[in-house]
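# Structure at a glance
The chain contents come next:
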Amino acid sequence: MTAVLERTAPPTAAQGRLAKTVAAARYEYLMQVRRPAVWLVVLALITLRCASPFPPGFTSTTDHATLVADWAFNFIMLCPIGVGAVLADRARREARLELNDLLTSTPTSIGPRLWGKAIGAGAATITPVAVAWVGLLGYLTAQRGAGVIPVGLAAFAAIILPALLFVAAYSVTIPYLTGPALYRLGLFGYWIWGNMVGPRYGIPTPAGTPFEPIGEYPSGAWFHGVMFDAKQRGVHATGGEAVLSISFLLLAALAALAITHYVLSRRSPS
Amino acid sequence: MNRSTWARLRLELRVIGIAPPVTALAATLGGAILVIVMHATGAGAEHVNLAAGAALAGFAPLGTAVAASSIVGRDSGAELVMTTTVYRRVLFLRVGLVVLPAALVTLLDAVVFRALNAWPAGQGTGGYVLVWAPPMLWLVALAMLIAIGLRSPGAASGLIAGIWLAQDLMRSAILDNTVLRTQFLFMGVADRVPVHEWTVNRIALPTVGVVAVIAAGLLLGRPERFLGSDAA
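On a predicted model such as this, the values are computed, not experimentally measured, just so you know. (Residues numbered from 1 in each chain as written. Chains lettered and ligands numbered in written order. Predicted model: local features only at pLDDT ≥ 70, side-chain atom pairs only at ≥ 80, totals over all residues. Heavy atoms only, no water.)

Helix and strand counts for chain B come out as 11 helices and 0 strands. Along its sequence from the N terminus, chain B presents helices and strands in the succession α-α-α-α-α-α-α-α-α-α-α. Over its C-alpha trace chain B gives a radius of gyration of 18 Å, about what one expects of a compact globule, namely 17 Å for 232 residues. Projecting the C-alpha coordinates of chain B onto the three principal axes gives extents of approximately 55 × 40 × 30 Å. Relative to its full complement of 232 residues, chain B shows a buried share of 49%. Of the contacts made within chain B by residues no fewer than 6 positions apart, 68% connect residues no fewer than 24 positions apart. Carbon and sulfur atoms make up 67% of the accessible area of chain B, which amounts to about 10500 Å² in all. Positive and negative charge centroids in chain B, built from 16 and 11 side chains respectively, lie 9 Å apart. (Helix = DSSP H or I, 4+ residues; strand = E, 2+ residues; numbered from the N terminus. Rg over C-alpha atoms; globule rule 2.2 N^0.38 Å. Buried < 20%, exposed > 50% of the residue type's maximum accessible area, 1.4 Å probe, protein only. Contact = heavy atoms within 4.5 Å. Areas by Shrake-Rupley, 256 points an atom, 1.4 Å probe, with all protein chains shown as cover. Lys, Arg positive; Asp, Glu negative; His and termini not counted. Charge placed at Lys NZ, Arg CZ, Asp CG, Glu CD.)

Before going further, it helps to examine the environment of R93 of chain A. All names here are of chain A. Mapped onto the secondary structure, R93 falls in helix α5 (residues 93-96). The buried category is assigned to R93, whose relative accessible area is 13%. Separated by 83 residues in the primary sequence, R93 and Y176 have C-alpha atoms spaced 9.8 Å apart.

What follows deals with the interface of chain A and chain B. Across the contact, 32 residues belong to chain A and 31 residues belong to chain B. Buried area between chain A and chain B, both sides added, is near 2500 Å², and the carbon and sulfur share of it is 76%. Where chain A packs against chain B, one counts 0 salt bridges. At the boundary of chain A and chain B, one finds 2 residue pairs in polar contact (both at pLDDT 80 or more). Listed by contribution, the elements that provide at least two residues to the side of chain A that touches chain B are α3 (36-50), α4 (64-87), α5 and α10 (180-195) of chain A. Counting residues per element, the side of chain A that touches chain B draws most heavily on α3 of chain A, which supplies 8 residues. (Buried area = accessible area lost by both parts, 1.4 Å probe. Salt bridge = Lys/Arg side-chain N within 4 Å of Asp/Glu carboxyl O. Polar contact = N/O pair within 3.5 Å; in protein donor to acceptor, adjacent residues only side chain to side chain.)

Listed below in structure tokens is the structure:
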């Protein structure tokens, strides 16, 4: 009893920002990965798209790189919508549960809590995608041999992961401003406009440029995967453009988190 | 309508908050602005007609469904409401307060588009309602059923938007299947659809919607599921 009364600050007070961020990320990960909705939505959307994979007939190709790139293209078409939708309610969760005052009174400032939320909840929401991808690689390995595994992991890292990190970063930041419902609608609109409304519609769009998040450039440049809107622009992707595409997504994700960190820090009383 | 009814509606609007109605109206008004800007800037008739069809049969129903599902599980006074009235009735009233204004604005969009001659190919006067109302009812009803069943507006929004987009991406596979064709959301703006298939589709969508509303109502027979837990 005396020991408890003599403790003037919680144990985390003595720890650095990194340790606090790791602790917040761990907790956010465990909260999010245990939500049935996360698994249901993400896996349902992957299954829905893969029930009728695009482009027709690609599964019979003998080139491992093309095979995994086109499967990655099918994974990434719909599932970021689900990732963003189930992440969007994380941003204002503490305010909705009226926990902000309590959290502000702890030694952990808004920075570690925000970055912990982005890393932990983001990683948890990407977990079902990674599990589904590992399952697919297991199936392809049984069919084609172990040569599929390294190229499959590379395709995940280059095509699927940057888009999911991009969507996750915006899904835990923009809803602070808009609320989750309006953000979800905006995300759906952006995903369609930015990836699927190609130049043929006559509307200015990033679809088919290195600034689209769907990963056409890494897919086409490094894995000989299908290119759809970029092909309509007459583009044959190069390695440099693929690096530009991935860098843009990662830097845009970092910028969203850094700006939100700055704004929330200015507004926070602590 | 007497004063107590007005007071009740105002109260429910306050409970819902500004975000759901704004989200529903943003979709239908955003589509209208796109069509009007394209028309005013002299875009090709084919592109303007396509945008009008997308706004009516696509954006407005999806936005309304996302907005309607977002009101589930956001009621901090749910326990109090449940002790005084039937929660099902309250929730359906709130959904109506989000859907009805969006439906009226979408109808207005259709009238304006027709006046501008920005109109989905092959649609007659019935298109004022039949292009957008069946998919709107289908999407709103299924979004509510998923949101209530899973206690998660996020899951409902993600799944409904995924189904909506998959219907567009996998259009030919859906139209080739006899059963799935009856549930195709964009039949009202599809090219060269036989009249009897169009009719079956426009009847089948609201039918499934009504079944989903009944199922959601049955789930709301146990409203205590919404108490004491965060979103699933």
